[in-house]
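Each chain is listed here by its residues.
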Amino acid sequence: MKKHSIKLAAVPVALALVAGACGSDSESSSSDEPDTEVETDTTDATADEGDAEASGDMDFGGQEILITGSERDDPSVAAINFALDQFEERANVSVEFVGDADWETNINTQVEGGNPPDISFFPQPGKLRDFAADDFIVPLSDGVNAAIDEYWAESYQADGQTEDGTQYGVPAKTDLKSVVWYQPARFEEAGYEIPETFEEFQALVDEMAAADGPAPLCVGIESGAATGWTFTDWTEEMVLRQHGPEVYDQWVSHEIPFNDPRIVESMDTVVQLWSDDNVFASSGSIVATNFADNAEPLVAGDCFMHRQANFFGGFFPAGQAFADESDPDSVDVFYFPDIDGSRPVLTAGTLAAAFNDDEATMAVLEFIASAEYAEIRQAEQTAQLDGAISGFLSAAQGQDESVYQPLEQNFLSILADAEVSRFDGSDLMPSSVGAGSFWTEATSLVNGDIDAQEAADRIEDSWPAE
């Protein structure tokens, strides 16, 4: 494997990716260079016209399609439009994606004014479902649903469905959160092995803490107004592992209260893992340490592990090697282990939804649902970053993994092995909770001002009346 580098210019890109993965919505929910030549059959917007699109015979007479979304860093915008350009040529349609820093506010204004885009990428399923309930967006055509069935596992499809199972959203991007970053050579030198179960993970943390060496974990939850969101991710991971997807679903939908004993147990598990003996915090405390300031301490030898999503690759120093067995300083990831073998993963991402049912709109969505779209975007985004880790990931099935770099292929392997996936829970909760009290009370909990029970009680009290 070649040595891959992250350039300092990638850091603002990573920050923009974080906004998409953990952003909040003010109205509803919290919110080696690959070859770009890829060949994948696609189908038309309707099932009975599939043969036409596969042969490139669609013709929409140059119809213009506008797509908006919150992704706005230059490499992402360029890569999305490059992928859409490939569809334009075969369908005689003009498609443009525009990234919007104020997407959450502007999409509301556009809808209220009767001037929405044709398609938009939603970073939170909760907002998509609110728009579906208000009839602002339309159900997907049979052709689009067929493409989703072909390329996406059921758990990812569910993120774009309403309670009655109607599909409104097309999975377009997947952020994988259930990974632990580490340096294999340092593990080997210290005699540590990758844990296969959460019990082994806890034992490894204890073993590292007892040794005269680096801390087991680097942790920081500071993020400006969003301080605390990293604790919510850890809590969601533990709810999935300790209590399963059914309890997780009941929790995020408030079918069970936030202060249910099982949720309190998961919150307390995180607090116990983050004890002073177990954590290196570069700014002196977990609450004062920015979430992005954990990459350099990891490679500097201040800690052995850091749990964070795939976008974390953008925060490492320039020239950092990833998944390179020939480099002793290389960084890699392993799956944040489960308890019972169910291999759940926590994800985030975007979902594309339509504001009209025009055939051209649905044809574009059918393309976005495909493995081909993901491959083209990934290859171009990597090229835009001069071979750096792209920050893009897709769980679409049937992709040519060669367009991904070795580290990114490890992400794909974890996604492929997962038996259960669930979207970031705080992004599914009302914004006053998921991007409000959950963050603030988590911060108080981590700071030692309150315990897990009191934090959960306070968050439960803040849940909006139905």
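Shown above is the structure to which this text applies.
What you see is a predicted model; the values in this text were computed from it and never measured. (Residues numbered from 1 in each chain as written. Predicted model: local features only at pLDDT ≥ 70, side-chain atom pairs only at ≥ 80, totals over all residues. Heavy atoms only, no water.)

Draft legend 1. Seen up close, the overall build of the protein. From N to C terminus, the protein includes 17 helices and 11 strands. Residue burial in the protein is summarised as follows: out of 466 residues, 60% are buried. (Helix = DSSP H or I, 4+ residues; strand = E, 2+ residues; numbered from the N terminus. Buried < 20%, exposed > 50% of the residue type's maximum accessible area, 1.4 Å probe, protein only.)

Draft legend 2. Broad picture of the layout of surface pockets. Its volume calculated, the largest pocket comes out at about 860 Å³. Along its surface, the largest pocket is lined by 29 residues, and Arg129, Glu163, Val252, Ser253 and Leu428 are the ones closest to its centre. Only helix H5 (125-133), helix H7 (154-158), helix H10 (229-252) and strand E11 (420-423) provide two or more residues apiece to the lining of the largest pocket. Looking at the lining of the largest pocket residue by residue, the class counts come to 11 nonpolar, 10 polar and eight charged. (1 Å grid on protein atoms, 1.4 Å probe; cavity = no way out; pocket = protein on both sides within 12 Å on 5 of 7 lines; lining within 4 Å. Points joined across faces, edges and corners; volume = space filled by probe spheres on them. Nonpolar A, V, L, I, M, F, W, Y, C, P; charged D, E, K, R; others polar.)

Draft legend 3. Geometry of the packing of aromatic side chains. Applying the stated criterion to the full structure yields 35 aromatic pairs. Taking the centre distance of 6.3 Å and the plane angle of 75° together, the rings of Phe131 and Phe355 count as edge-to-face. Of this pair, Phe131 sits in helix H5 while Phe355 sits in the loop between strand E10 (344-354) and helix H13 (359-368), placing them 224 residues apart in sequence. We classify Phe131 as buried; its relative accessible area is 5%. Pairing Phe187 with Tyr192 gives two aromatic rings, centres 6.1 Å apart and planes at 75°, and the pair type is edge-to-face. (Phe/Tyr/Trp six-rings, centres within 6.5 Å; stacked < 30°, edge-to-face > 60°.)

Draft legend 4. Broad picture of the state of the cysteines. Counted according to the given criterion, the structure contains one disulfide. Put simply, Cys218 and Cys303 are joined by a disulfide, and their sulfur atoms are 2.1 Å apart. With the S-S dihedral at roughly -110°, the linkage between Cys218 and Cys303 falls on the left-handed side. Of this pair, Cys218 sits in strand E6 (residues 215-218) while Cys303 sits in strand E8 (residues 303-307), and the two are 85 residues apart along the sequence. A relative accessible area of 2% means that Cys218 is categorised as buried. Judged by relative accessible area, Cys303 falls into the buried class, the value being 0%. (Disulfide = S-S within 2.5 Å.)

Draft legend 5. A look at the sheet that holds strand E5 (residues 179-182). Here we have five strands laid out as an open sheet, ordered E7-E6-E8-E5-E9, and mixed in their pairing. This sheet does not close on itself; its edge strands, each paired only once, are strand E7 (279-280) and strand E9 (332-335). As paired elements, E6 and E7 share two bridges and run parallel to each other. Residue pairing across strands places Leu217 opposite Val279, the latter belonging to E7. On the sheet, H10 packs against E6, E8 and E9 and is oriented at approximately 80° with respect to E8. (Pairing = 2+ DSSP bridges. Contact = heavy atoms within 4.5 Å. Axes fitted to C-alpha atoms, helices over the stretch in contact; angles between N-to-C directions.)

Draft legend 6. Structural detail: the pairing of strand E4 (residues 170-176). Judged by how many residues are buried, E4 sits mostly within the fold: seven of seven residues are covered. Examined bridge by bridge, E4 and E10 share six bridges and lie antiparallel to one another. Across the sheet, Lys173 pairs through a bridge with Thr350, a residue of E10.

Draft legend 7. Unusual backbone geometry, seen in detail. Within the chain, Asn92 stands out as a residue other than glycine whose phi angle is a positive 50°. Structurally, Asn92 can be placed in the loop between helix H3 (74-91) and strand E2 (93-99).

Draft legend 8. Structural view of empty space enclosed by the protein. Computed from the structure, the largest cavity encloses a volume of approximately 80 Å³. Surrounding the largest cavity, 13 residues form its lining, Tyr156, Asp159, Lys173, Ala348 and Phe423 being those nearest its centre. Mapped by element, the contributors of at least two residues to the lining of the largest cavity are E4 and E10. For the lining of the largest cavity, the element with the most residues is E10, which contributes five residues. The residue inventory of the lining of the largest cavity, partitioned by class, reads seven nonpolar, four polar and two charged.

Draft legend 9. Representation of the side chain of Asn278 within the structure. Within the secondary structure, Asn278 is located in the loop between helix H11 (261-273) and E7. Not counting chain neighbours up to four residues away, the residues in contact with Asn278 comprise Val205, Ala209, Ala215, Pro216, Leu217, Gln272 and Leu273.

Draft legend 10. Spotlight on a negative patch on the surface. Together, Glu193, Glu196, Glu199 and Glu200 make up a region of like negative charge exposed at the surface. Along the polypeptide, Glu199 turns up in helix H9 (residues 198-210). Here Glu199 falls in the exposed class, since its relative accessible area comes to 62%. (Patch = residues over 30% accessible without salt bridge, like charges linked within 9 Å, V, L, I, M, F, W, Y side chains within 5 Å. Areas by Shrake-Rupley, 256 points an atom, 1.4 Å probe, with all protein chains shown as cover. Salt bridge = Lys/Arg side-chain N within 4 Å of Asp/Glu carboxyl O. Lys, Arg positive; Asp, Glu negative; His and termini not counted. Charge placed at Lys NZ, Arg CZ, Asp CG, Glu CD.)

Draft legend 11. Just helix H4 (residues 103-112), in detail. Considered for burial, the residues of H4 that qualify are Trp103, Glu104, Ile107, Asn108 and Val111. The buried residues of H4 occupy an angular sector of 135° when the element is viewed end-on, so they sit on one face. Packed against the buried residues of H4 are strand E1 (63-69), strand E3 (119-122) and H5. Directly beyond the C-terminal end of H4, a positive phi value near 75° is found at Gly114. (Arc of directions from axis to C-beta.)

Draft legend 12. View of the pairing of E10. Across the 11 residues of E10, 11 count as buried, placing the element largely inside the fold. Alignment of E3 against E10, held across four bridges, turns out to be antiparallel. Paired with Phe122 across the bridge in E10 is Leu351. As paired elements, E10 and E11 share four bridges and run parallel to each other. Each residue of the ladder has a partner; that of Pro344, found in E11, is Val420.

Draft legend 13. Spotlight on the pattern of salt bridges. Within the structure shown, the criterion is met by 12 salt bridges. A salt bridge links Asp424 to Lys177; the nearest nitrogen and oxygen atoms lie 2.5 Å apart. Of this pair, Asp424 sits in the loop between E11 and helix H16 (431-446) while Lys177 sits in the loop between E4 and E5, and the two are 247 residues apart along the sequence. Of the two residues, Asp424 and Lys177, neither departs from the other in class, the shared state being buried. Of the charged contacts, one joins Arg307 and Glu237 as a salt bridge, the two residues approaching to 3.1 Å between their closest N and O atoms.

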